Structure formats: structure tokens, C-alpha cells
Amino acid sequence: MRALLIGIVAGAAIAVLLFLVKGTQSVDAELHAKRLDLLQHIADLDKGLDRAVTLETSSALEESRNSRVQVLADMGDALILLTEGPISLKGLSAELDERLADFDMKIGDKFGLTFDFESQTSRGIERLIRSVDSVPFYTAKLVLLAEGDDSLLQLLRSIQYAVTTYGMVANPSEIARTAIDQRISELMERAQTRDEEFQNLAKRLKGSVSDVLIDKNELVKLLNDFLSQPAAESLQQVEGAYLNYHETQVAAAAQYRLYLAVYTAFLLLLLAALGMRLAKSFRDLDKANETLEEQVKERTRDLSTALDDLKESQAQLVQSEKMASLGQMIAGVAHEINTPLGYARSNATIIRGAIQDIRGVCEAQSQALEMINSPTATDDQIGQAMEDAMTLEGQVQAVDLTNELDNLLGHTEFGLTHISELVQSLKDFSRVDRSRSDLYNVNQGIDSTLKLASNHLKDKVQVDLNLTEGLPEIVCSPSQINQVLLNLITNAAQAIDKPDGKITIHTNSVKNGVGIRIVDNGCGMTQDVLDRIFDPFFTTKDVGKGTGLGLSISYKIIEDHHGKIHAKSSPGKGSEFVILLPLKQPKEEGAAASEETMPQPGLAIA
């Protein structure tokens, strides 16, 4: 008992020593520099996003939109590093977590405005361009009518230049708008002394200039709303909270160094005292033999307790692995649903704006018809109303617009159908059946699993299916077999790191059962790794990226279903997994006899 007490004390002393040493090393200068670089990088990307959006409001060029999309992609990657991975700031302190949550909310709002920005500005820019283009048209006609009047010609040219500049500048000043209004007013006053044709053209020019000012002001308002988002200030608060945390860590490390020096001196004195007691300890050793049997019993009890604790820990780890697989699946499904949902929402916004344009054309045409049917309307009024309706129809281009609306509605319907298919696949995948009394179609299970694993496969891996039609249904636990398929397909996708990745899945009917073969052209495995892949807790992944329980659980599930699972692989040539499952689950007493009827795992499946 004394020896145990001494061991506990020594272990505690060593633990305290290691704790103090670790405390002195709590500040990692390289990690600190990387985190500061990441914060600066995010700040630069935020400024770049502001610049890209500002440029997009004054240009309809494709490269303007591409620049914004690239900045958004880079910002998304940087934000992931901010909350995940080795240089993450999350979890360092309560204040920092609060600042990170605030920044995440504000940058999320800014991203939302960015996604809405494209749909809202694209139509506005098109209208602005049409309005700007109509100004030179009317100006040219007025110039022909104003030949000989140099001051009037100069006024018309100044109006054309000022309006064109106003439409192309990213954020025009109020002074420029006032100057345009003054020149238009002067033109209208001078038009009173000219003929009726000049006056009509001046009114149309005034209407086009008014459209330019209105459309430009709407774009400027959208830009100002976007630029007013306080993401940069929130990021500065995150950096301030992190610097406070770092200063606290530096101070703590210095304090730990002081504690370590005092504790080391104490340990030296303690070791001297223990040396003097060493001779007495040898004498006490003989007496310890008398209590050996009791110690053995106590150790046995300790081992039994440790075994129970190990079984409990194993159950917890198995549950953790299941939850990790569920998390991957949910992340993939959420991504696949958000993508069609996002462009469906964007299409709805565009359609709403287009309907407003079509409604304006209809109203103008209705007014023209009312003029025609009105007994008091003059020919000039009827002609002006019809000309206004035709001009508005030409600007809106209703036929092309309705075709575009039809395409947008088709895309929206496709996205909603895709969401419906994903939800049905998730429902099929999550069938809970521990009694193994359900009939299960292997081909349908593979289809459902591939849809849920599409986030790991798309743009990276090609999947070839060679599924035998009319495959007999088997009696099993569908949710457990789906878990095995998801583990194997996900592992195959993660093993592929080349652009021409390929996964081939075969199914076939075998004697008294069904066979599944999953083949990939990934990195493959050595024989040493292949011999241990089904061992619990064995993994080739980095720490924190895998528990080593996925294949172990899959092996246990197949074994519980009285089936077989076998793997073969070569480094650089890929891997192959073969699963054999019986058509029916045998009774316990006949399990061994039924397994003898199953083909051996090494048997190839066509």
C-alpha cells in the first residue's frame, strides 16, 4: 500500500512538473504570426470585395462579376481557417468567441447582400445603359435642328457629356446632378422659342436624362447600403480580443516559469530526503511479500474495473463515429439543398423586377388604347401616347424578357425538383430498423447513398455504376447497410487525390445472397496497412481527422448480418472492397450452417 502511495505521489509530482513545463510553452510565436497574417488577409479580402462591388455598379463587364466571385471564394476559405484547423481562433477565450460570433453574423449579412446585389444590379445596369444610350440619340437630332445657334449646340454637347459621365462614374456627386438639372432646365426654357419638333425632342431628352438619374441613384443607394456593413470594424474587434488573449498567455507563461523554478528546487530537496529513506525501503520489502496475495486480488479488481471502463469508452467512441458520419452526411445534404435553393431565390427576385417592367409596358399600351377610344383626344395626343408605348416596349423588349422568364422558371423548377429528390433520398437512407426484418433493395440503397455523398464526389470523382437489374431483395437492417455503403464510398473518395478519379460499383446475385464490389483508383494501401484496416482505432489519417472506427464498425455490421467483407489493394493502383450478404438472416442455431453456403470473400463479382 505504501509503494502504491509513493507511486501516486511520484506520478503526481511528475504530472505537476510536466504541467508547469507545458505552461511555460503556452505561447507559440509562429502560430501567433500565422493568426495575425490570417486576420490581415481577411481584412484585405474585405476591402477587395468592396472594390469589386463598387466596380460592378459602374461596369457591366463579365470580369467585374468574376472578380467579385473570386474574392467571395477566397473569403470563404479564409473564414473556414478562422474557425477550424490549427490556426483557428475559436475556443481561445470567451471574449474572442463572442467577437467571432458577432463578426460571423455581420460578414454573413454582407455575403447575403452580395448574393442579392447581383440580381438587383444586373437589371438596373441594363436599364441605365439603355437610358444613357438614348441620350446621344436625342441629342444628335436636336443638334441638327439647332444648326447655326452655337450657344445651344454647346449646351446640348455639355448635357450629353455630363449625363454620360454621371452614368459611368461609380459614385457621382450631388453637384454633378444639380448641374445636369440646371442645364436641362435651361434647354427647356430655350426650347419654348423653337418649333414643336424641337420641343418634343427636348422633352424626350429630358425623360431619358431623368431615367439616367433615377437608375444611377438606385445603384448608388445599393452600393452605399453594401459598403455601410460594419464587417471591417467587427474584424478589428476580433483582432483586439485576440491580442488581449495573447498578452494574457504571455503573462501566464512568465508566471509559470517562476513556479517551475520554485518547484524544481522543492523536488531536489525531496529527492535528497527520499535517498535517506531508500535503505529503510529495502528492509520493508521483505514485509511486503506477506501482503502479496491481497495485492493480487486488489490488482484483479482494478483490472476488472478498467475493463468495464474500457468497454464503456469503446461504446462512446462507436457512438462518436456514428455522429461524425451523420455530421458529414448532414453537411453534404445541407450544401446540396442550399445551392438550388439559392438560385431559386435569386430567380424569384429577378422575375419580380421583370414583371414590373412588363406591367409598365401594359399600362402604357392601355393608356394608348384609351386615347384612341376617347372622343376628346386629338391626333397629336393619340400619336404621342402610341409612340410612348412603342418606345417603352422597345426599351423593355417584352418578347425576349418573357423568354428569359420562362428559362428562369424552368431553372427554378429544376432546383426544387432536385431538393425533393434529396429529401426523399435522406428519408430512404435513414430507415431505422434494428430487428433486420425489412426487405432491402441493394441497388436503391446505393443510389440513395450516392445522392447523400454527392458533396464528397462532385467535381472530383466519376462514379460508374454496373448494377444488375432484377437483383433480389435481402432481409437486413437497411440503416446499418446504408452506413456501411456510406463509409466505403466516402473512404474511396477521400483516397482519390487526382483529377481523373473514378469509383466503380458492381452488384450481382450470388449463391443464396447478393454481392457488392466497390473499386477506386485512389492512392491504394500497403500490405501492412491492409492487414490492419478492420482493427479498431487503426487509421492512416492525421490526428483529429479520423477515429479508426469506420471500417471496424462496418466489419462488425456485416459480420452481425452473417455476411462477409474483404479488401484488396496495391499502392498507387487503388483499392477494392467486396461485400457478400445473405438473402435472409438465419436463426442463431443455424447461423454457422448458413454461412457455409456463402461464397468466400476472395471470390470475384462480375
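Below is a summary of the structure that appears in this document.

Procedures and definitions
- Residues numbered from 1 in each chain as written.
- Predicted model: local features only at pLDDT ≥ 70, side-chain atom pairs only at ≥ 80, totals over all residues.
- Heavy atoms only, no water.
- Salt bridge = Lys/Arg side-chain N within 4 Å of Asp/Glu carboxyl O.
- Helix = DSSP H or I, 4+ residues; strand = E, 2+ residues; numbered from the N terminus.
- Buried < 20%, exposed > 50% of the residue type's maximum accessible area, 1.4 Å probe, protein only.
- Expected span 1.5 Å × (residues − 1).
- Arc of directions from axis to C-beta.
- Pairing = 2+ DSSP bridges.
- Axes fitted to C-alpha atoms, helices over the stretch in contact; angles between N-to-C directions.
- Contact = heavy atoms within 4.5 Å.
- Polar contact = N/O pair within 3.5 Å; in protein donor to acceptor, adjacent residues only side chain to side chain.

## A few points about the pattern of salt bridges
Then comes step 1: Across all of its chains, the model carries 8 salt bridges by this definition.
Then comes step 2: A salt bridge links Glu-30 to Lys-34, with the shortest nitrogen-to-oxygen separation between them at 3.7 Å. Pair noted here: Glu-30 and Lys-34 are both in helix 2 (residues 29-57), with a separation of 4 residues, about one helical turn.
Then comes step 3: On the basis of relative accessible area, Glu-30 is assigned to the exposed category, the value being 54%.
Then comes step 4: Judged by relative accessible area, Lys-34 falls into the partly exposed class, the value being 42%.
Then comes step 5: Across the pair Glu-576 and Lys-568 runs a salt bridge whose closest N-O atoms are separated by 3.8 Å.
Then comes step 6: If you follow the salt bridges from partner to partner, you end up with Asp-149, Arg-190 and Arg-194 in one network.

## Notes on helix 6 (residues 174-191)
Then comes step 1: End to end, helix 6 covers 26 Å across 18 residues, agreeing with the expected 26 Å (1.5 Å per residue, within 8%).
Then comes step 2: Taken together, the buried positions of helix 6 are Ile-180, Ile-184, Leu-187, Met-188 and Ala-191. With its buried residues spanning 95 degrees around the axis, helix 6 presents them on a single face. Exposed side of helix 6, more than 90 degrees from the buried face: Glu-174, Ile-175, Gln-182 and Glu-189 are the residues found there.

## Re the sheet that holds strand 6 (residues 564-570)
Then comes step 1: Read across the sheet, 5 strands follow the order 2-4-5-7-6 without closing on themselves; strand pairing throughout is mixed. Where the open sheet ends on each side, the last strands, each with one partner, are strand 2 (461-466) and strand 6. Each adjacent strand pair in this sheet contributes to an overall mean axis angle of 15 degrees, direction not counted.
Then comes step 2: Looking at chain direction, strand 6 and strand 7 (residues 574-582) are connected through 7 bridges and run antiparallel. Bridge assignment links Ile-565 to a residue of strand 7, and that residue is Ile-579.
Then comes step 3: Of the strands in this sheet, strand 2, strand 4 (501-510) and strand 5 (513-520) are in contact with helix 12 (residues 442-452), which crosses strand 4 at around 160 degrees.
Then comes step 4: The sheet strands contacting helix 16 (residues 550-560) are strand 6 and strand 7, and the helix crosses strand 7 at an angle near 25 degrees.

## Re the side chain of Thr-139
Then comes step 1: Counting through the fold element by element, Thr-139 comes out in helix 4 (residues 94-145).
Then comes step 2: Within polar-contact distance, the side chain of Thr-139 engages the backbone oxygen of Val-135 at 2.7 Å.
Then comes step 3: Excluding its chain neighbours within four sequence positions, the residues that come into contact with Thr-139 are Leu-156, Gln-160 and Leu-205.

## A word on the pairing of strand 5
Then comes step 1: The buried count for strand 5 comes to 7 of 8 residues, which makes it a mostly enclosed element.
Then comes step 2: Counting the residues that bridge the hairpin from strand 4 to strand 5 gives 2 residues, and of these Asn-512 lies at a positive phi of roughly 60 degrees.
Then comes step 3: Strand direction decides the pairing type here: strand 5 and strand 7, joined by 8 bridges, are antiparallel. Paired with Gly-513 across the two strands is Pro-582, which belongs to strand 7.

So far we have only geometry, and geometry alone does not tell us how the molecule works.
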